[in-house]
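Take a look at the letters that make up each chain.
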Amino acid sequence: MHRLRRKIPSLTALMAFEASARCESFTRAAEELGVSQAAVSRRIKVLETEIGRPLFSRAQRQAQLTEEGMRLFAAVTGAFDALADTVDVIQAPRIDLTVAVSVAFGHFRLLPALSAFREIAPSLGLRVISEDVWNAPRDRQIDVAVRYGRPPFAGMRVVGSLREAIVPVCAPDVARALSGITLSELAQQSRVSLIDSDAPEPSWLDWSRWLRQSGWSGPPASSLLRLSSYSDSVFAAMNGQGVALGWTGLLERPLNDGRLEALDLPPLWPEERHYIVVPAHGRRSYNADILIDWMEKTFRLSEGREVT
């Protein structure tokens, strides 16, 4: 018989022991395991007899471990944790490729087009991380990311970019009501409410900075509606709540399908772009190449070659 089969006590007894040691109580362990306190005590006694050493001190009301009990508890806890971790890995869906994007890029560009990517790579296990806090690549494995701003990006290298123009956008009926609006009227909100949002990235423009860079020299604009998410500010504009700033590459889909319209004002062309980036170290995977090639065609990237 294999050595493990001869040496390892019953799993039922070990579970009763682990629960009792962790809870420091046979009674609480029994409640956790759904059995009687007498059943837990009996299992512990069987385990002690099999091992030949006392595992708990009976001198006090609390279930306190002996020295031998502490050694066994450390071993049992580590083994149970390893088993649970292994089961989690086995049960987890297969991940072949991880892509990280901002919440807005996920909402307005990536997710609406993702079914087309699934058609060309139907068996590829894809994980999409949508977040505005940029943690890549230190705390998780990311194969491809979309990052707004200016290079360089720490730990990443650029492989493509999407140029942006920033224009005021709103619902079509609001745009019709604001036909012919001037920069001065917009800044003073004489005919419209401005919608702003917290910046997902330091170089993201708010209304005051956009107006100033567009030529407005009056007092800073103060938006009448401010939301914590840029995506929410866009949805508010779609629903007629006012005018939001629109990054035309990011919002290409709602601008094309008529959910949003750009006001007839000169666009601002920022130096920042949406960049496609990959980890700077290590060889790019075949799956990452498939996704990047698809992004170049789908998003019509202005720069497909690798940039350092």
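Up top is the structure.
About the thresholds
Residues numbered from 1 in each chain as written. Predicted model: local features only at pLDDT ≥ 70, side-chain atom pairs only at ≥ 80, totals over all residues. Heavy atoms only, no water. Pairing = 2+ DSSP bridges. Helix = DSSP H or I, 4+ residues; strand = E, 2+ residues; numbered from the N terminus. Contact = heavy atoms within 4.5 Å. Axes fitted to C-alpha atoms, helices over the stretch in contact; angles between N-to-C directions. Salt bridge = Lys/Arg side-chain N within 4 Å of Asp/Glu carboxyl O. Buried < 20%, exposed > 50% of the residue type's maximum accessible area, 1.4 Å probe, protein only. Core = buried A, V, L, I, M, F, W, Y, C linked by side-chain atoms within 4.5 Å. Parallel < 35°, antiparallel > 145°, perpendicular 65-115°, else oblique. Left-handed = near helix turned anticlockwise from the far one by under 90°.

Caption draft 1: Representation of the sheet that holds strand β7 (residues 166–170) in the model. On the basis of which strands lie adjacent, the open sheet formed by five strands has the order β9-β8-β10-β7-β11 and mixed pairing. Edge positions in the open sheet fall to β9 (225–227) and β11 (261–262), since each of these has one partner strand only. Relative to β11, β7 is paired through two bridges, and the arrangement is antiparallel. Bridge pairing in β11 links Cys170 to Glu261. The sheet strands contacting helix α10 (residues 230–238) are β7, β8 (194–197), β9 and β10 (243–247), and the helix crosses β8 at an angle near 160°.

Caption draft 2: Focus on the pattern of salt bridges. Following the criterion strictly, the structure yields 11 salt bridges and no others. Taking the shortest distance from any N to any O, the salt bridge between Arg150 and Glu271 comes out at 3.4 Å. Placement of the pair is Arg150 in the loop between β5 (144–149) and β6 (156–162) and Glu271 in the loop between β11 and β12 (273–279), with a sequence separation of 121 residues. Overall, Glu271 belongs to the exposed group, its relative accessible area being 59%. Notably, a salt bridge pairs Asp196 with Arg226, separated by 3.8 Å at the nearest N-O pair. With a gap of 30 residues between them, Asp196 in strand β8 and Arg226 in strand β9 connect regions that are remote in the sequence.

Caption draft 3: Layout of the sheet that holds strand β3 (residues 97–101). Here five strands make up an open sheet; going across it, the order is β4-β3-β5-β12-β6 and the pairing mixed. The sheet terminates laterally at β4 (126–130) and β6, the two strands that pair on one side only. Pairwise comparison of adjacent strand axes, ignoring direction, gives a mean angle of 25° for this sheet. With two bridges joining them, β3 and β5 adopt parallel strand pairing. Bridged to Ala100 within β5 is Ala145. With respect to the sheet, helix α6 (residues 103–120) is in contact with β3, β4, β5, β6 and β12, its orientation differing from that of β4 by roughly 165°.

Caption draft 4: Layout of the side chain of Asp196. Taking relative accessible area as the criterion, Asp196 reaches 9% and is therefore assigned buried. Non-local contacts of Asp196, meaning those with residues more than four positions away in its chain, are made with Asp206, Trp207, Ser223, Leu225, Arg226, Leu227 and Ser233.

Caption draft 5: Region of the structure containing the nonpolar core. Within the largest apolar cluster, 62 residues are counted, with the highest numbers of intra-cluster contacts made by Leu110, Val144, Leu186, Trp210, Trp247, Leu263 and Met295. Here this core takes seven residues from α6, the largest share from any one element. Discounting residues that sit within four places of it in the chain, Leu263 has contacts with Pro168, Cys170, Ala175, Leu178, Ile181, Leu186 and Val243. Among the nonpolar cores identified, the runner-up in size contains 15 residues, and Ala13, Val40, Leu55 and Val76 belong to it.

Caption draft 6: How the structure looks around the environment of Arg42. Summarising the element assignment, Arg42 is placed in helix α4 (residues 37–51). In this structure the C-alpha to C-alpha distance between Arg42 and Ala16, which are 26 residues apart in sequence, comes to 9.5 Å.

Caption draft 7: Layout of the packing of helix α2 (residues 11–23) against α4. Running from N to C, α2 and α4 point in directions that differ by 110°, and their axes come no closer than 9 Å. Taken together, the axes of α2 and α4 lie roughly perpendicular to each other. As for the relative orientation of α2 and α4, their crossing is left-handed in sense. Residue-level contacts link Thr12, Ala13, Leu14, Ala16, Phe17 and Ser20 of α2 to Val40, Arg43, Ile44 and Leu47 of α4.

In short, shape yes, function no, at least from these values alone.
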